[in-house]
Structures are given as structure tokens and as C-alpha cells.
Amino acid sequence: MASYGSDDLTPVLAAQPAAGAGYRQGIVREWNPNTAENVVEVGGALITNMPVLNTNEVLLLAPGDVVGILTAGPSWCILGRLTVPGTPAAATALNAIRTKSVTVGTYETRTSAIWGDLTTPGPVVTDVVVGPSGRCLVFISSTITLLTTSGGGEMAYAITGATSVPTGDDPPALAWYGPAGSGPTMTRLVLQEGLNSGSHTFTAKYSAVDLGVGGSVRFGDRNLTVIPL
């Protein structure tokens, strides 16, 4: 195996001029989305830890991807992944950088401490394609009003699809515990990690905690926004 930056790159440099910019293609054989460590096959030779010009690609590349490579004498770097328009690979690449956001404006109440739906469920964000990084950003937003003298309300989400994650302490919740009658609009940002590659659905869930007798919590202008990384 040839190593990038070693003294012997003869197998892969043979077809290139000694100086000046050039272009080649390679196939990713190994890829670590957390560190960008890689092995890329170029012209039958394996190059270890080739630099990446577009750092956004670090989160998207995976073994088997065909990549364009910029060459300038002995310096080589990955330009990015090559995709054919109209193919599943192209659709996956585009979905992985698309933000998806859903809002339910209805104001509705909950009295149960068990996680569940309001009368109008959601928001529900579907077809969120998570890449090899296994990560996404989730924005939770709602106006929460405590309609009693004690307790509070929480909004979080459940994940289904390529990965199943129930609502609970993980993912964390957006929470408000009074004072009674106040109704702030709040947003919480969650870095969701450890997901499998593939399509996911994020569904908002709600809980009312430690309420007084006859109390309830009202939620409105509810929003979930998910950004795959």
C-alpha cells in the first residue's frame, strides 16, 4: 500500500506530469466520517489519508464512492464525490444536505406525564436521510403555557425508520415550568448522534409534569426542523 506523503508515489504518479495541475478519479476503499482518515484507490494503487478540499464531503463520503482528485505535482486532494444525475446516489447526496421543517400551529393542551400526542399530532418530519456520520441537528420549538400553579410541560420527539429512538431523556426535551399563565416561545437545539444510515421520521411528543389538580399545559406554534450532517 502506498501512503500519501511518503517518498514513493511512483505507482500513481507515473501517468502525471512532474508539475502543473491535473485531474484523476479514484474509488474510496476505507472512510472514517469522524476523522476523515481514508484509503483511496487510484490507478490500482492505494493512497492513505488523502486530504479533502471540500470539508463538507467528510460527512458524506463512504466506501465505494467515486471521487474526483485534484493533482498538482506531488500534492493530491479529493475534490468531491461524483454522482450521476437522476440516480439513487444523486438523490441520497442531495437529501443529506437538505433541511426539513414542519410546523403545527394549533394550540392544544396535555395533562398526562406520559409522552404522547396532542389532539392534532406532530409535527412529523419524514424522509430525513441520514448519512454515514449518523448525525443530524434537530430544532425543537413551541409556545408553552402552564395553565396551573405548579408543574410544567415538555416537548421532545421520537425517531422511527432506519433507527428507532423512543421519546425520553435521550433525545432531550424542550421544557417550561412556569410561572403559571406565562407562555414563552422557546427553541432547543439537539445534536442527535448514533443513527443508522438511511431514511428516518421524527415525530414530536408531549408531556405534562407534576401538575396541580385540574391543571394542564398548552402547546402551540410547534415546530420540528431537522438538518442531516
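Residues numbered from 1 in each chain as written. Predicted model: local features only at pLDDT ≥ 70, side-chain atom pairs only at ≥ 80, totals over all residues. Heavy atoms only, no water.

The next thing to look at is the packing of aromatic side chains. Applying the stated criterion across every chain yields a total of 2 aromatic pairs. Taking 5.7 Å as the distance between ring centres and 50° as the angle between the ring planes, the aromatic pair formed by Tyr157 and Phe202 counts as tilted. One end of the pair, Tyr157, is in strand E11 (residues 152–161); the other, Phe202, is in strand E14 (residues 198–209), and 45 residues separate them in sequence. Residue Tyr157 is classed as buried on the basis of its relative accessible area, which comes to 0%. (Phe/Tyr/Trp six-rings, centres within 6.5 Å; stacked < 30°, edge-to-face > 60°. Helix = DSSP H or I, 4+ residues; strand = E, 2+ residues; numbered from the N terminus. Buried < 20%, exposed > 50% of the residue type's maximum accessible area, 1.4 Å probe, protein only.)

Now for the pairing of E11. In terms of burial, E11 is a largely internal element, 8 of the 10 residues being buried. Two elements, E11 and strand E12 (residues 174–176), share 3 bridges in a ladder whose sense is antiparallel. The partner of Met155 across the bridge, within E12, is Leu174. (Pairing = 2+ DSSP bridges.)

Once that is clear, we can look at the pattern of salt bridges. Counted by the stated rule, this structure contains 4 salt bridges. Between Asp65 and Arg81 there is a salt bridge; the shortest N-O distance is 3.8 Å. Placement of the pair is Asp65 in the loop between strand E4 (45–48) and strand E5 (66–72) and Arg81 in strand E6 (residues 75–81), with a sequence separation of 16 residues. (Salt bridge = Lys/Arg side-chain N within 4 Å of Asp/Glu carboxyl O.)

So, on to the environment of Lys205. Position of Lys205 among the secondary structure elements: in strand E14. The buried category is assigned to Lys205, whose relative accessible area is 18%. Among residues more than four places away in sequence, those in contact with Lys205 are Trp115, Gly116, Asp117, Glu154, Met155, Ala156, Tyr157, Ala158 and Thr167. Of the polar contacts made by the side chain of Lys205, one reaches the side chain of Asp117; its length is 2.9 Å. (Contact = heavy atoms within 4.5 Å. Polar contact = N/O pair within 3.5 Å; in protein donor to acceptor, adjacent residues only side chain to side chain.)

For Leu70, the position within the fold is in strand E5. Owing to a relative accessible area of 33%, Leu70 belongs among the partly exposed residues under this scheme. Along the sequence, Leu70 and Tyr23 sit 47 residues apart, while their C-alpha atoms lie 4.9 Å from each other. Once you skip the residues sitting within four places of it in the chain, Leu70 turns out to touch Gly22, Ser75, Trp76, Cys77 and Leu79.

This is a description of form; function is not addressed.
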